[in-house]
Amino acid sequence: MSENRGAFSQRSQQMRRPPLGRGPLGGPGPMGMGTGEKARDFKKTMATLFKYLKPYRVSLIIALFLAIASTVFVIIGPKLLGNATTKLFEGLVGKIMNVPGAGIDFGYIGNILLLLVTLYVISAVFSYIMGYIMTSVAVKVTYDLRKKIAEKINRLPIKYFDNKPFGEVLSHVTNDVDLISNTLNQSMFQIVTSIATIIGVLIMMFTISWIMALVALFIVPISMMLVMLIIRRSQKYFRQQQDFLGHINGHVEEMYAGHNVMRAFNGEEKSIQKFDGMNGELYKSSWKAQFFSGIMMPMMMFIGNLGYVVMCILGGILVIQKTIQVGDILAFTQYIRFFTQPLAQAANMINILQSTAAAAERIFEFLGEKEEVPEPAKPVAIPNLSGAVAFRNIFFGYNPAKTIINNFSADILPGQKIAIVGPTGAGKTTIVKLLMRFYDVNQGAILVDGVDIRELRRQEHRGTFGMVLQDTWLFNSTIRENIRYGRLTATDEEVYTAAKTAYVDQFVHALPGGYDMVLNEESSNISQGQKQLLTIARAVLANPKILILDEATSSVDTRTEILIQKAMENLMKGRTTFIIAHRLSTIRNADLILVMKDGEIVEQGNHRGLLEARGFYASLYNSQFETTAADVGQG
Amino acid sequence: MLKLIKSLKPFTWAIIFIFILLLGQAMSDLTLPDLMSRIINVGIQQNGIENVAPTAIRSSEMSKVLLFVNSTDKSIITNDYQLLDKNSLSATDYDNYVKLYPDLANGPIYKLNTTDGSEISRLNTIFAKPILIVSYIESGAADAALGQQIPAGVDPFVVLAQLPPAQLETILRRADSMIASLPESVIRQGAVSYLATEYRAIGIDLNQMQIGYMVRIGGFMLLLTLASIVCSISVGFLAAKVAAGFGRDTRRKIFAKVENYSNSEFDKFSTASLITRSTNDIQQIQLVLVFMLRIVFYAPIMGIGGIIKALGQDASMSWIIAAAVMALLAMLGIVFVIAIPKFRIIQKYVDKLNLVTREMLTGLMVVRAFNTQKVEEAKFEKANVDLTKTTLFINRIMVFLMPMIMLLMNAVILLIVWVGAHQIDAGSMQLGNMIAFMQYSIQIIMSFLMLTMVFVMMPRAAVSAQRISEVLETEPSIRDPEKPVTFPAGVKGLVEFQNVGFKYPGADDYILNGISFTALPGQTTAIVGGTGSGKTTLINLIPRFYDVTEGNILINHTDIRAVTQHDLRDKIGYIPQKASLFSGTLESNIAYGNDNLHDGEVIKAAEIAQLMDYVVSSEKGFDTPVAQGAANLSGGQKQRLSIARALAKRPEIYIFDDAFSAIDFKTDAALRKALKSETGNSTVLIVAQRINTVMNADQIIVLEHGLVVGQGTHKDLMNNCKVYQELALSQLSMEELA
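1. So, the overall build of chain A
Looking only at helices and strands, chain A has 20 helices and 10 strands in total. The 635 residues of chain A split such that 46% are buried. Intrachain contacts of chain A at a sequence separation of at least 6 include 77% that bridge at least 24 residues.

Pasting the structure below:
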């Protein structure tokens, strides 16, 4: 990935939500309490997510059992250890008191320790198996979701992507899916084990001493309140920090992107001044956010220590009164630590769950989007297509409320050339999109050889068209494979022939590796003109009956432009062609000119007829080719 | 990297303070287990009796004890104790004392008369053995203790008191040698249990004493806990301030630096990379810095402190800690050695998955046009499977870590209990010390665990730090001269290129070579040529976005490198190919080059740039907001706004870099007419793709491969310049060119 894309995708990611701050070992780190966004319908989303987990329910139940079992085993530990300590203490006291036959009962202690070793080992094994199962499930669910999203991309109507930035879809595949994966992998069972720990510890504490247990319980509301207090604070500052970070990033991007202009207008001082203002604000919110999120851990540690001390004093007093044993103090000091840990993480976990739900909701929404109109039940096939195209009273608008093509009709004979002209941004590609059935007309029909294109199978219909657009699309593979993309079954020989027709062969041999040269990820290792020739070769190989060409060759040098022109002429021979025209010669030779302005077809006819009509075409033509511009300096 | 570390200099004191606070926190945290061990050892086991030296002892008992004390020690004891006797005390004193020691009514009592810690500990050693001997004799083990038959029914002390000093001495020595074989803790415990009986006899409330001791130690623990959190919150506060401050300062340094970069540095780093370095990288460092300030200092302090403390409890068990730490490091080492290379592979697969998805999205139409959805899905499937497999592998290793670490810690505890139990049995350790040792071991292991996390984090932070340092260490290649001159008055806007050659820094080939021409005020000079011929490069040399490699560029007969960049750019109105506008309003953009613009001038610039239609049709007029990247304006509007901005500056030299491409033809014509009158006496340089744009220029310079291949008017060039003809023919038909 280029740094460029990296930078921007990272930024958009940040804008949408703060980094989750997973710790280096994969666990949620201490910084993990950002301003988590929330799902609109938490329950429904979770229900859907659980549906995805259904195939794994046996594994999940086993994992759940293992999680609880492993927790329980660990929780038994301190109590048994306490017993061993008590025994140790009793033996010792007896010995000092010179009680006859007194001594430390190593047999008893040894047995307890052996039992504990067994428990701990089993617990570790269970915990590992649980982790193993969960990570397998998480990874498989992730794989499934990604696959579904990828397939969905190909089934959605192109229209869907009009309002949906690619970055967002991309973030479904990466960020959103990752978040779900992480939650399944860690947080979900962390919640289970936390609950099991709290309940288990409570039971153990009550069996030892109800007084001490009750005192320990006091810690819960205190720590909860503290946590809530801190979180509310820190979230506020986190949001602020995120905002100011956004502002400052925006300013930096703007200034770096417009560096030349900034310099040309001596804007350095002004820019730095603005930056300083933002930077100061960022600093203020940043340290506060950092500080408040940072005191979470010490606070919880403080509560833990407080509990520890209280348990020591209270336990000591109770021991004197012979209510509990010495070992019980030890057990309690350990339980109190078990107890505060899940409480400290509770807030974090809620945040994680919420952002997971939000991510899942975005994915499910995407997967639930309406797909392309289904294929006709009885598709018509056209053998030996001639290439006649007819528009019959078509109406169309990207937004149904605002039609931009109103009652347009035209008959095009096989082999004719249709030029589409108009200023930049006039919507010249609309016709292309309708022809290819990327969009369906609102009313009327487009016919190919007299057949409504909606009665054809989409695949078959699109197969009769060849498309060479200005926005060349090549992928990260060899030149040969990129050409072969036009017809996957083509032999190497056929690829070379097509390459010759499209003048690719001429430059390919000068490239390192020739046809085997791998285009890099941005296809920036060949020139724009060469890219265009490659897409022409691809269309040649596809050998379509009907062609759609974009003549625009804005960033191509003169010589290559001539090659492209020639290659296009080769390609057009004997085919019905729709050309997004920029060249006068093309326009004048066209059988039909469609003039577009602001998205609408405003005029149609041939060159002579349109000039005589003295309409938009005439003024367009005149302004471009007659008013000479460089009078500018002649005043 | 050094520069970056130097940036921390203003925070030196804060960092030192953080270190001290962390030290304080660690001391508090480390003292807690120690105190807990005292609660168990003294509070519970010794009934709250801290010292072997009695605080009060009946005179009768004292005389028994003194039997076994040599004469020097005896005098120390008599010095430190005060005899309380009913007869010699005043009435009020007696009333006070009898409350404390009810047995005073029955006989005189010795009271400890010093609070000096060292004196008491001296007394402790003096008293320990004699008290133990006395307690043995009293418990009926006199024979064993003295190695001498004492007749039944006879008070052994009376017998002993009557013995001649020499005989007493031998008995004493024998008892001493017997006791010497006992471990210190047993002596102590024995003495303390004697004291408990004695205190009870005096009538001291032992229960209250015990609870009082616990509350005292407990209170001390609470204070320490409080101290610990105060330290830790202060550290958090300082660390947050230092990190955020460091972030702020570094961010500013980088930004200010980059603002003065020339295009060469932008090319070197790429704009996107500079953005990441100024934003994300700094944010990264800031996060890591907080973590470092809090953990990296704390972990070693805790680790070392824990080791010292643990050794203080009992050195003989230290091998357990060493073994545990080794086991931990070995475990982490193995996992990381297996996992870290895979992490890199995962990153590669994630990139691949991103790439494939991106290709699917950017190629939406092409994919459907060629019906190759299945091909794309297969590509995605491969990337997905690769990623899934590797992730699964890594995760299965990583989930191994947590249970193992837990198991290790638990094993350490069990081992300590087992070994500790034997030590206690042998009397070389007390129960409380064992428990404290346990807690120190856990603290030590935890600090090692924290340190390894730091090592995992470090490489990532180091990359960011490196990237930031690179910017800080790169000086702008174009700087103002040390003694700048000013432009002479009189001439306005005369641009001369004298044999200019240019190549990009580090490149082998010249982009421009031997370029010489003069652009006169009041005239239009056009530069044409194919893509890559060097047109834009040429005009970028005028505002010094780059410096010439050879030759000179003069403005008003002055070399542009001799004046300040500020003065130079004041003379130039630059309209770039891609209209870069800044967020703000229409007005703020027009007035960007000239803050002191009055409304009339803004309107005039907008009128000439054909922008008034838009301004008038917008609800907020000139206050219409311009979004970042001017996303709310069309391409044509952006270019017109960019032209208005240059016009508002009223410069001597205009540079249009293919600036009309997005403006529709009709507006274009109107714009040109208006521009003609405005730019009257200025020098106009136009770079153009379209021949028709330049046909009427006073001078056309034709570039190819960085060389001037034609210079003259349209007519001249049509006759004598092949490149120009070719260019023209590809765009226009013969009759139009005539």
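2. A few points about helix H9 (residues 184–202) of chain B
All names here are of chain B. Over its 19 residues, H9 extends 27 Å from the first C-alpha to the last, a length consistent with the 27 Å expected when each residue adds 1.5 Å. Regarding H9, the residues found buried are Ser-185, Arg-188, Gln-189, Gly-190, Ala-191, Val-192, Ser-193, Tyr-194, Leu-195, Glu-198, Tyr-199 and Ile-202. Once H9 ends, the next one or two residues include Gly-203, with phi positive near 100°.

3. Considerations on the sheet that holds strand S5 (residues 451–452) of chain A
All names here are of chain A. Reading across the sheet, the four strands line up as S2-S1-S4-S5 and stay open at both edges, with antiparallel pairing between neighbours. The sheet is open, and its two borders are formed by strand S2 (405–412) and S5, each paired with just one other strand. Sheet topology places strand S4 (residues 443–448) next to S5; two bridges connect them, and they run antiparallel. For Leu-447, the partnering residue across the bridge sits in S5 and is Asp-452.

4. Regarding the nonpolar core
Formed by 225 residues in total, the largest nonpolar core has its most connected members in Ala-644 and Ile-655 of chain B. With 18 residues, helix H10 (residues 206–259) of chain B is the largest single contributor of residues to this core. Both of domain 1 (40–208) and domain 2 (210–323) of chain A provide at least three residues apiece to this core. Apart from residues no more than four positions distant in its own chain, Ala-644 of chain B is found in contact with Ile-590, Ala-605, Ala-606, Ala-609 and Leu-611 of chain B. Core analysis: the next-biggest nonpolar cluster, separate from the first, contains 116 residues, Val-137, Ala-358, Met-467 and Ala-542 of chain A among them.

5. Remarks on the packing of helix H9 (residues 296–320) of chain A against H10 of chain B
Relative orientation of the contacting elements H9 of chain A and H10 of chain B amounts to 175°, with a least axis distance of 10 Å. Here H9 of chain A is positioned roughly antiparallel relative to H10 of chain B, judged by the angle of their axes. Among the residues making up the contact of H9 of chain A with H10 of chain B, the classes are represented as 15 nonpolar, eight polar and no charged.

6. Focus: the interface of chain A and chain B
Each partner contributes to the interface: chain A provides 132 residues, whereas chain B provides 156 residues. Take the side of chain A that touches chain B: its biggest share by element is 22 residues, from helix H4 (residues 106–155) of chain A. Looking at the side of chain A that touches chain B residue by residue, the class counts come to 76 nonpolar, 42 polar and 14 charged.

7. A short note on the confidence of the model for chain B
Of the residues in chain B, 95% reach a pLDDT of 70 or more, and the chain-wide mean stands at 84. The ipTM, which scores confidence in the relative placement of chains, is 0.80 for this predicted complex, and the corresponding pTM is 0.76.

8. Side note on the sheet that holds strand S12 (residues 653–657) of chain B
Residues and elements named next belong to chain B. Here six strands make up an open sheet; going across it, the order is S9-S12-S13-S6-S14-S15 and the pairing mixed. This sheet does not close on itself; its edge strands, each paired only once, are strand S9 (572–575) and strand S15 (707–712). Across this sheet, the average inter-strand angle for adjacent strands is 15°, counted without regard to direction. Where strand S6 (residues 524–529) and strand S14 (residues 699–704) come together, five bridges link them in parallel fashion. What sits directly across from Thr-525, in S14, is Gln-699. Against the sheet, helix H24 (residues 635–648) contacts S9 and S12, and its axis sits at roughly 180° relative to S9.

9. A few points about the environment of Ile-420 of chain A
Residue and element names in this part refer to chain A. Of note, Ile-420 is situated in strand S3 (residues 417–421). As a C-alpha pair, Ile-420 and Ile-546 span 126 residues in sequence and 15 Å in three-dimensional space. Those residues in contact with Ile-420, other than ones at most four positions away along the chain, are Lys-428, Ile-431, Phe-578, Ile-579, Ile-580, Ala-581, Leu-594 and Met-596.

10. A closer look at unusual backbone geometry
Its identity as a non-glycine residue notwithstanding, Tyr-503 of chain A has a phi of 60°, on the positive side. You will see that His-557 of chain B, though not glycine, has its phi angle at about 65°, which is positive. Within the element layout of this structure, His-557 of chain B appears in the loop between strand S7 (550–555) and strand S8 (558–559).

11. Brief notes about the packing of helix H14 (residues 298–313) of chain B against helix H18 (residues 431–473) of chain B
Residues and elements named next belong to chain B. It is the contact of H14 with H18, at a shortest axis distance of 8 Å, that shows an interaxial angle of 155°. Taken together, the axes of H14 and H18 lie roughly antiparallel to each other. Taken as a pair, H14 and H18 cross one another with a handedness that is left-handed. Of the residues in H18, those in contact with Ala-299, Pro-300, Met-302, Gly-303, Gly-306, Ile-307, Lys-309, Ala-310 and Gln-313 of H14 are Asn-433, Ala-436, Phe-437, Tyr-440, Ser-441, Gln-443, Ile-444, Ser-447, Phe-448, Met-450 and Leu-451. Of the residues belonging to the contact of H14 with H18, the class tally is 12 nonpolar, seven polar and one charged.

Cut-offs and rules
- Residues numbered from 1 in each chain as written.
- Chains lettered and ligands numbered in written order.
- Predicted model: local features only at pLDDT ≥ 70, side-chain atom pairs only at ≥ 80, totals over all residues.
- Helix = DSSP H or I, 4+ residues; strand = E, 2+ residues; numbered from the N terminus.
- Buried ≥ 20, exposed ≤ 12 C-beta atoms within 10 Å, placed from the backbone.
- Contact = placed C-beta atoms within 7 Å.
- Expected span 1.5 Å × (residues − 1).
- Pairing = 2+ DSSP bridges.
- Core = buried A, V, L, I, M, F, W, Y, C linked by C-beta atoms within 7 Å.
- Domains from an automatic or database assignment.
- Axes fitted to C-alpha atoms, helices over the stretch in contact; angles between N-to-C directions.
- Parallel < 35°, antiparallel > 145°, perpendicular 65-115°, else oblique.
- Nonpolar A, V, L, I, M, F, W, Y, C, P; charged D, E, K, R; others polar.
- pLDDT = per-residue confidence, 0-100.
- Left-handed = near helix turned anticlockwise from the far one by under 90°.

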